[in-house]
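This is what each chain is made of:
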Amino acid sequence: MTPETGADRLKLVIVGGYLGAGKSTWLRHQLHVGAFSNPHLVINEAAELAVDDAIFGTDTPATLLAGGCACCAGRSEFLTALRQLCDRRSGPVGARGRTDLAVLETSGLADPAAIAQAIQSDPMLPFHVTLAETIVLVDAQNAAAQLAAEPLSRAQIEAADRLVLTKTDLAPAGDTARLIATLSRLNPGAVISADIRGVAATLPDHPDADPLPLADNAAAPIAPIQITLPEGLDWSAFAVWLSALLTAHGDDIVRVKGTVRTPAGRLLLQGIRTHVQPPEILPASDLARDGTIVLIGRNMDAHRITRSLARFAARLL
Ligand SMILES: [Zn+2]
């Protein structure tokens, strides 16, 4: 498996969030202020009748996928659309229809991690697409109820790199503070901000707010653990160890991220659940964080995992 350089790949931003979270409104404002450079939108509606594409107008090229959610029923249509965007990139830079960035607005019922998994299970796409960011919008008015009732809303939050609260003007500040505490507990690594109709809003400042009880979702909260790789660890051996670890932990591991120095260069490692994306070669840098991987998941013991890797490495040296 030859890693490609990251610059050669189509970047994908996933914009997710539960039904009614305000994905289209947020996205429209982001496009208006030029937050995305030359994007191609992929708008996914689970319903047959597509409503959302009407509001974007004609300025931004868009592909509409209606009648099946990209994480499940509409998976193959979504992967086909992504392949087409990759194919168009074989043309010269600047050619019509060529894009370096796809922005997917998911259906409200999509699990962004399942979408990432679908891409990574494809025989070709992992070598041509990089998941740049998963942004999940959270409705400040309704998220507490959704989290209590819907495991999907929790899965969406766990999959995010960035959580954007919407409608904070409609929710009491105390409730929003508890929601933020809950989100930080569910996904400690995610950056949280708030946005009201396209304008960044201040988050209520209640550092001592209690997270909401989530008794109906019995699973333990996810937490990041950091593993420092042994000096001189062989890359291919590490890959074997990592895949064994992911298999053993199954769905407990939500994300894998890190940079590893190898004879081929610095590699960026990114994985969602049990699938690790083919590594990307990064530009050289003296960042001290090289050789560290972060695993985000539940029921993991950093000491046990570090010992397991050390034992594995020792057997090879
Ligand atoms: Zn789905």
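Residues take numbers from 1 onward in each chain, read along the sequence in its written order. Thresholds applied to this predicted model are a pLDDT of at least 70 for local features of residues and 80 or more for the giving and counting of side-chain atom pairs; totals over whole chains, interfaces and linings are not thresholded and use all residues. For the side-chain quantities, the full set of heavy atoms in the structure was used; hydrogens and water were omitted.

Quick look at the packing of helix 2 (residues 75–88) against helix 3 (residues 112–121)
Where helices are involved, their axes are fitted lines through C-alpha atoms of the stretch in contact, as for all axes, and angles between N-to-C directions lie from 0 to 180°. A helix here means a DSSP run of H or I that spans at least four residues, while a strand means a run of E at least two residues long, and both kinds are numbered starting from the N terminus. Remark: helix 2 packs on helix 3, axes separated minimally by 11 Å, with the N-to-C direction vectors making an angle of 60°. Judged by the inter-axis angle, helix 2 sits oblique to helix 3. Where helix 2 crosses over helix 3, the two elements pack in a sense that is right-handed. Here helix 2 contributes R75, F78, L79 and L82 to the contact with helix 3, which in turn contributes A114, I115, A118 and I119. Each residue gets one label: Ala, Val, Leu, Ile, Met, Phe, Trp, Tyr, Cys and Pro are nonpolar, Asp, Glu, Lys and Arg are charged, and the others, such as Gly, are polar. Here the contact of helix 2 with helix 3 is composed, by residue class, of seven nonpolar, no polar and one charged. Here roughly perpendicular refers to angles of 65 to 115 degrees, roughly parallel to angles under 35, roughly antiparallel to angles over 145, and oblique to all remaining angles. Handedness of a crossing follows from how the near helix is turned relative to the far one, being left-handed for an anticlockwise turn of less than a right angle and right-handed for a clockwise one. We call two residues in contact whenever any of their non-hydrogen atoms come within 4.5 Å of each other.

Observations concerning the pattern of salt bridges
A carboxyl oxygen of Asp or Glu within 4 Å of a side-chain nitrogen of Lys or Arg is what we treat as a salt bridge. Per the stated rule, a full pass over the model turns up seven salt bridges. The partner of R83 in a salt bridge is D122, with the nearest N and O atoms 2.6 Å apart. Pair noted here: R83 is in helix 2 and D122 is in the loop between helix 3 and strand 5 (129–139), with a separation of 39 residues, a long-range link. The class of R83 is partly exposed, set by a relative accessible area of 28%. Note that R154 and E158 form a salt bridge whose closest N and O atoms lie 3.3 Å from each other. For every residue, the accessible area obtained with a 1.4 Å probe (protein chains only) is divided by the maximum for its type, and the residue is called buried under 20%, exposed over 50%, and partly exposed between those limits.

Quick notes on the coordination of the zinc ion
Think of the donor list as every N, O and S atom within 2.8 Å of the metal, or within 3.2 Å for Na, K and Ca; water never makes the list, so a site can look incomplete. Note on the zinc ion: its protein donors are C69 (SG), C71 (SG) and C72 (SG). The metal-donor distances range over 2.3 Å. The sequence pattern describing where the donors of the zinc ion fall on their chain is C-x1-C-C. Residue class for C69 comes out buried when judged on its relative accessible area of 6%. Since its relative accessible area comes to 47%, C72 is described here as partly exposed.

What to know about the sheet that holds strand 2 (residues 39–45)
Paired strands, in this sense, are two strands between which DSSP finds at least two bridges. The mixed open sheet is built from eight strands, whose spatial order is 3-2-4-1-5-6-7-8. Pairing within the sheet leaves two strands with one partner each, and these edge strands are strand 3 (62–66) and strand 8 (199–201). Here the strands of the sheet are splayed against their neighbours by 25° on average, with no regard to which way each runs. Two strands pair when backbone bridges link them, and strand 6 (residues 162–166) and strand 7 (residues 191–196) are joined in this way by five bridges, in the parallel orientation. By the bridge assignment for strand 7, R162 is matched with V191. Across the sheet, helix 6 (residues 173–186) lies against strand 5, strand 6 and strand 7, angled at about 165° from strand 6, the strand it touches most.

All quantities given are derived from atomic positions and should not be read as evidence of function.
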